[in-house]
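# Descriptive structure summary
Below, each chain spelled out in residue letters.
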Amino acid sequence: MKPAAFAYHRARDVDGATALLAELGADAKVLAGGQSLVPMMNFRLARPRHLVDIGRLHELNHITRDGSALRIGALTTHHTVETAGRQLGPEFEVLRAAMSWVGHTPIRALGTVGGSLAHADATAEWCLLAVLLDASVTVRGPCGSQRSIAAADLFLGFYTTTVEPDELITEVTFPRPAPRAALTEFAERHGDFATVAAAVDLDLDGDTVRGGRVALGGVAPVPVRARAAEEVLRRGEVASVDLFAECAAAAAAEIDPPDTPNGDAAYHRNLARDLIERACEEALAR
Amino acid sequence: MSTTAPHHTEPRFDRDGTWVGASVRRREDPRLLTGRGRFVDDIALPRMAHAQFVRSTVAAGTVTELDLTATRRTPGVIAAFSAVDLDLGDITAILERPAAEFVPTDMPVLARDRVRFVGEPLAIVIAEDPYAVEDGVEAARVTYDTAPAVVSADQALADSAPLVHDNAPNNTLLDVSLFATEGIDDVFAAADHVVHVEASSSRQNALPLETRGVVAAWDDRDEQLMVQTCTQVPHQVRTVLARCLGRDERTVRVLAPDMGGGFGQKCVVGREEIAAAAAALRLERPVKWIEDRRDALSAAFLAREQRYDARAAFDAEGHILALDADIVCDMGAYSCYPFSAGIEPLMASAEMPGVYRVPAYRVRGRAVTTNKAPSAPYRGVSRPQYVMVMERLFERASRELGLDPVEIRRRNVITTFPYTGVNAVTYDPGTYLESLNLCEQLVRDEGWYERKEQLADAGRILGIGYCCFNERTGYASDAFAKRKMTVVPGFDLSQVRMDPSGGIVVTSGTMNHGQSHETTFAQIVASRLGIDVARVKLQQGDTDRVSYGWGTFASRSVTIGGSAASLAADRLGAKLLHIGAHLLETQPDNVELHNGAVRQRDDHSRKLPFSEIATVAYLRADLLPKDTEPGLTAEASFDPAGDGTFANATHAVVVELHPGTGQVEILRYLCVEDCGVTINPQIVEGQCRGGIAQGIAGALFEQITYDSNGEPSCASFIDYKVPTAAEIPDVEIHHLETPCTLTESGAKGVGEGGTIGAPAAVLNAVNDALRPTGIELDATPITPQTVQRALEARP
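Keep in mind that what you see is a predicted model, and the values were worked out from it rather than measured.

## Section: the interface of chain A and chain B
- Contacts between the two partners involve 14 residues from chain A and, on the opposite side, 20 residues from chain B.
- Of the residues forming the side of chain A that touches chain B, the biggest block, 4 residues, is contributed by helix 12 (residues 265-285) of chain A.
- A class-by-class count of the residues in the side of chain A that touches chain B yields 6 nonpolar, 3 polar and 5 charged.

## Remarks on the sheet that holds strand 6 (residues 136-140) of chain A
All names here are of chain A.
- Taken in spatial order, the 5 strands make up an open sheet running 4-5-10-6-7, and their pairing is antiparallel. Looking along the sheet, the strands with just one partner apiece sit at the ends: strand 4 (63-66) and strand 7 (146-150). With strand direction ignored, the average angle separating the axes of adjacent strands in the sheet is 25 degrees.
- As paired strands, strand 6 and strand 7 are joined by 5 bridges and run antiparallel to one another. Across the sheet, the residue bridging to V137 is I149, located in strand 7.

## Section: the UniProt feature "domain: Aldehyde oxidase/xanthine dehydrogenase a/b hammerhead" (unreviewed entry) in chain B
- The residues that UniProt annotates with the feature "domain: Aldehyde oxidase/xanthine dehydrogenase a/b hammerhead" (unreviewed entry) are residues 34-148 of chain B.
- In residues 34-148 of chain B, helix accounts for 17% and strand for 34%; the two terminal C-alpha atoms are 50 Å from one another.

## Examining the UniProt feature "domain: FAD-binding PCMH-type" (unreviewed entry) in chain A
- UniProt annotation of "domain: FAD-binding PCMH-type" (unreviewed entry) refers to residues 1-179 of chain A when read in the numbering used here.
- The straight-line gap between the two end C-alpha atoms of residues 1-179 of chain A is 44 Å; of that span, 32% is helix and 24% is strand.

## Description of the sheet that holds strand 3 (residues 61-67) of chain B
- Taken in spatial order, the 3 strands of this open sheet run 7-3-9 (chain B), and their pairing is antiparallel. Sheet topology places strand 7 (114-115) and strand 9 (141-146) of chain B at the edges, where each strand pairs with a single neighbour.

## Observations concerning the domain arrangement of chain A
- Examined at the domain level, chain A breaks down into domain 1 (7-53), domain 2 (61-174) and domain 3 (181-285).
- Using only C-alpha atoms to locate each centre, domain 1 of chain A and domain 3 of chain A end up separated by 35 Å.

## Examining the domain arrangement of chain B
Residue and element names in this part refer to chain B.
- Assigned domains within chain B: domain 1 (29-37 + 491-638), domain 2 (49-147 + 211-259 + 266-298) and domain 3 (302-372 + 379-477 + 641-792).
- Taken together, the contact pairs 17 residues of domain 1 with 19 residues of domain 3.
- The dominant element in the side of domain 1 that touches domain 3, judged by the number of residues it contributes, is helix 17 (residues 557-584), at 7 residues.
- Taken together, the residues of the side of domain 1 that touches domain 3 break down into 6 nonpolar, 10 polar and 1 charged.

## With respect to the environment of A:A181
Residue and element names in this part refer to chain A.
- Tracing the sequence through the fold places A181 in strand 11 (residues 181-186).
- A181 sits 107 residues away from A74 along the chain, and the two C-alpha atoms are 22 Å apart.
- Setting aside residues no more than four positions away along its own chain, A181 makes contact with V94, L132, A199, V200, D201 and A283.

## Concerning the nonpolar core
- B:A123 and B:V525 are the most contacted members of the largest nonpolar core, which totals 256 residues.
- The element contributing the most residues to this core is helix 19 (residues 681-701) of chain B, with 10 residues.
- Among residues more than four places away in sequence, those in contact with B:V525 are B:V496, B:I504, B:V506, B:V536, B:A565 and B:A569.
- Counting residues in each nonpolar core, the second largest holds 94 residues, with A:L21, A:M41, A:F155 and A:A215 among its members.

## Some points on the pairing of strand 6 of chain A
Residue and element names in this part refer to chain A.
- With 4 of 5 residues buried, strand 6 is to be regarded as a mostly interior element.
- Hairpin geometry of strand 6 and strand 7 is characterised by an intervening segment of 5 residues between the two adjacent antiparallel strands and by a positive phi of about 55 degrees at C143.
- As paired elements, strand 6 and strand 10 (residues 168-174) share 5 bridges and run antiparallel to each other. By the bridge assignment, S136 is partnered in strand 10 with T173.

Rules and cut-offs
- Residues numbered from 1 in each chain as written.
- Chains lettered and ligands numbered in written order.
- Predicted model: local features only at pLDDT ≥ 70, side-chain atom pairs only at ≥ 80, totals over all residues.
- Contact = placed C-beta atoms within 7 Å.
- Helix = DSSP H or I, 4+ residues; strand = E, 2+ residues; numbered from the N terminus.
- Nonpolar A, V, L, I, M, F, W, Y, C, P; charged D, E, K, R; others polar.
- Pairing = 2+ DSSP bridges.
- Axes fitted to C-alpha atoms, helices over the stretch in contact; angles between N-to-C directions.
- UniProt positions renumbered as here; feature names shortened; annotations may be inferred.
- Domains from an automatic or database assignment.
- Core = buried A, V, L, I, M, F, W, Y, C linked by C-beta atoms within 7 Å.
- Buried ≥ 20, exposed ≤ 12 C-beta atoms within 10 Å, placed from the backbone.

What follows is the structure, encoded as structure tokens:
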């Protein structure tokens, strides 16, 4: 469990990082917190010839309120978010609360928001939150180019994104507050990748649910929105156990989860239903 | 017998004048907690090279080509050796049984042509650093003629199954019926009730936090191969090393430094440590091998994959009349040394009746061989499984008879001692009934029965489960001889030596790998000699410093090693008294050991500190009594009488099942244990808690599965779900104390009990919660999906 040989490069700024990525091509990988990449390298499942370490690009470590939006720098650690209650406020409490599901404290202390999005595990909290809250990801490319990718367009499949090899994720933007949102998961052990993760963002008008978003991880190669479940929320009914149960049932019916060592498709479906119900209750209680 | 709540007393000198019974702080902790311990991987020798293994990627077949050319050319690689290059003897464990009962397997250090499991070592690669060695391993080219893999006991026993070993028909390495009470079929036929349980447990890894590892180096001055390895059995490793290398044992020195656990996985001899030693000799350089976690999960010794087909007959009052069990243990590809593949089925067969008065008993125990990593003893060895089966049989009977599950146990546990069971084992006194009653009382007093009913009204699903069991500890030579082992552990040796300043060194053939021997042995010897515990230092894990010993396994250390140390301390004490009386010019019967001195009984003001006596013994031999040899060294051995001693406990578990996720949440865990005299209560509790954690791991979390090609499921902790602190509940421990008359300190072994009781208690609690569904689960681990599915059957 030692990595294959690689060349190490330290980027001095974002342009330097993208220049290195352009120069080194597909054989290069970006090293941020290293919490996913390094174990994969130790298993020799990943064998980058070059590592571009962006660990000192401090400009990518920030949490910024921008009008009603929130921007989080790619190099911000999970732990920083977890302890940024004041900056996030009740509007983005869901992000802070979700961090307790990310691995364990040592992982949260090193792992980064951008790294998690780039790694694109279908059960990762940041991927799920990005899809849930219609976030967009800012990437920088060669020669100072920059583009924005909507979360819906970011994830291609298992561990793959639409970020090009010479591009670097610099920031994720959550466009609007989500005061009544919640994320919950189930794994056999605390800190594991979730068997299924569910997140809900309710649009409430008093007691009435005017609409909302429902996202699931672990039921497809990428985190998905449960559109049929969202239809249920859009009916404008008063929040109730029955409404949430119906919403959850709709989600369970519309997904096509895989059999995994944790359980078969039916088990994943049941989990999705249970977790969405709970996420709805938690979101309502916020 | 006395009962005490959990307590953590500071060290006191006077507990009836002894250190025994005090929670003396662990001697090991300061260095271990500040990173100053010395584990194998902390050892670095000049010119040390690093080894890893080319391992089979197929479960069954023949190696048609093993090409190490590219490996040897890899930058940084020093050498690569295959079986042909090293020409080592095989590792073979033998039982003295006829071929119809036992088939030995030769486990080559490196596979020659036949491979029998994924992960089997084929070649050792040695390089300048741990990175280059993996490059070298990767560069090896192996081609196989792949054969169909045998991946389950069912498949192994099927007609026309491929043979894992050509000399083992039906893939059966052991097939023994130790007991078959005459007329047992009539008992079943006439019984009021017969209950049946088919139970199984999954393959597990004992999973010491520290993986296996070794540093081997030739020492010209000592003319010895020095092998520093994490092993529970240093002398056994020396024997096998010497045999495989064709050397005198004198020329091999095995040292075991600090160890991060073993749990049985390190009480057998590993192929890798032999290969690394052979490579060190060949290269005339120190060679280090540290097993990585991936290899540790898939290619180290595994355990526990068993299935039981068991029936029990009961009379109308719920008294058990007969037990009939067919036990099949999937032991993987080879017999482990020295215990053999018989270890699990023989343990289960010999001890299954447990704490119950079983009048008639028939058992068939089989070890089958499959294309999986081989099995070794794992904490509890079969007892977690057969106890689980016994407890399931009693639960089932309680339902059939409409009896309370605790009441049916009460009617059947052994209450008069000594008791000789149907399994020809004599049990020394224990507190089977008392622990059961106290445990139930604690559950009642905390209101769990009421809470379970109240919460049921709110739709919550709780269950309460018990497990009453014993644990045979201190296995004597006779006990292992009865199992027909050709190398018979049992006795142990200890030396107690006082230096000229009055300090004490104790050697023991046992091997601490986390059990706090440095603390408890010091307490035992300090108590015997009436000396400050801080002045006593234990030395273990060195075949040159320790004359001989069987190491640590089967909860033998305090019972056997501790007794040997007690006897040696007594002999030293007698010599101190003898010299002291002479120097005090009084009669030998007028002196006693007290507080680091020999003092006169009739005048406590007249005394000689040990340091003065020791000075005389070494530096002023002219002052010694004429009949006394100089020096202060005493040695003793101990081999328990009879069938050893039985520790016992009752565990109670309260669980809640979550229908949405299928999660089993443990709300309460109570343990009432009796390990005789507790040397150090805090350490006893640590052993209980750690054991219970491993038992819960087996009950709810851990399993290694194999696909149809024999590919193991677990490469990392993502797949092998060892529970963490977050999954293990608080455990409340209560002590009963039945002093053991067979051991010197009155202690019984306590190393394995927690692991033994937990699976049955958890399983019974889950089944209690599942009662409304009519579904009963008899297989571990109980996965969330299983529970969720069962709960769907709720009315």
